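Each chain, letter by letter, is given below.
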Amino acid sequence: MQPVLIPEKLKEAREKLGITRVEAARRMNIPQSSYVRYEKGDRKPTHATIIQMAQVLGTSESYLTGGTEDASADSTVVYKSEEPILYEISSGAKNFNEEQLARLLEYYKKISSLGKAESDKAKSEK
């Protein structure tokens, strides 16, 4: 059975991203009229379209179809031409063992916390 889009979830995901219907349609490479009909529930997208919607809106197919209330994405697409460093890291990490992945995650957490601390410090100095 093909999953069914819940229009309210589509709208919530779009609004959370802070984009208009026009921008959502552009990013999904579909006509604006089609997108509006999906969001209103007047048209049912294919399974492939639901997957594309989830990727574009940074959520999951399961969220858009009501399988979960967790709006976080199940996957992320990284294009080499747009994010070469991130692409290199993610491609290389596919060959890591569990220990290496755990160390990489710890490095990431440490770097993220340092960046947040610097950002917080800069905000407090203003």
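Everything discussed here concerns the structure shown above.
Residues numbered from 1 in each chain as written. Predicted model: local features only at pLDDT ≥ 70, side-chain atom pairs only at ≥ 80, totals over all residues. Heavy atoms only, no water.

> For this particular structure, what's the right way to read the overall build of the chain?
Counting its secondary structure elements, the chain contains seven helices and zero strands. The N-to-C order of helical and strand elements in the chain reads α-α-α-α-α-α-α. Against the compact-globule benchmark of 14 Å for 126 residues, the chain has a radius of gyration of 18 Å, which places it well outside the compact range. If you line up the chain on its principal axes, its C-alpha atoms span 45 × 45 × 30 Å. Across the chain, the fraction of contacts at a sequence separation of at least 24, relative to all contacts at a separation of at least 6, is 45%. Taken as a whole, the chain presents about 9200 Å² of accessible surface, with 52% of it coming from carbon and sulfur. Here the chain contributes 20 positive and 19 negative side-chain charges, whose respective centroids are spaced 5 Å apart. (Helix = DSSP H or I, 4+ residues; strand = E, 2+ residues; numbered from the N terminus. Rg over C-alpha atoms; globule rule 2.2 N^0.38 Å. Contact = heavy atoms within 4.5 Å. Areas by Shrake-Rupley, 256 points an atom, 1.4 Å probe, with all protein chains shown as cover. Lys, Arg positive; Asp, Glu negative; His and termini not counted. Charge placed at Lys NZ, Arg CZ, Asp CG, Glu CD.)

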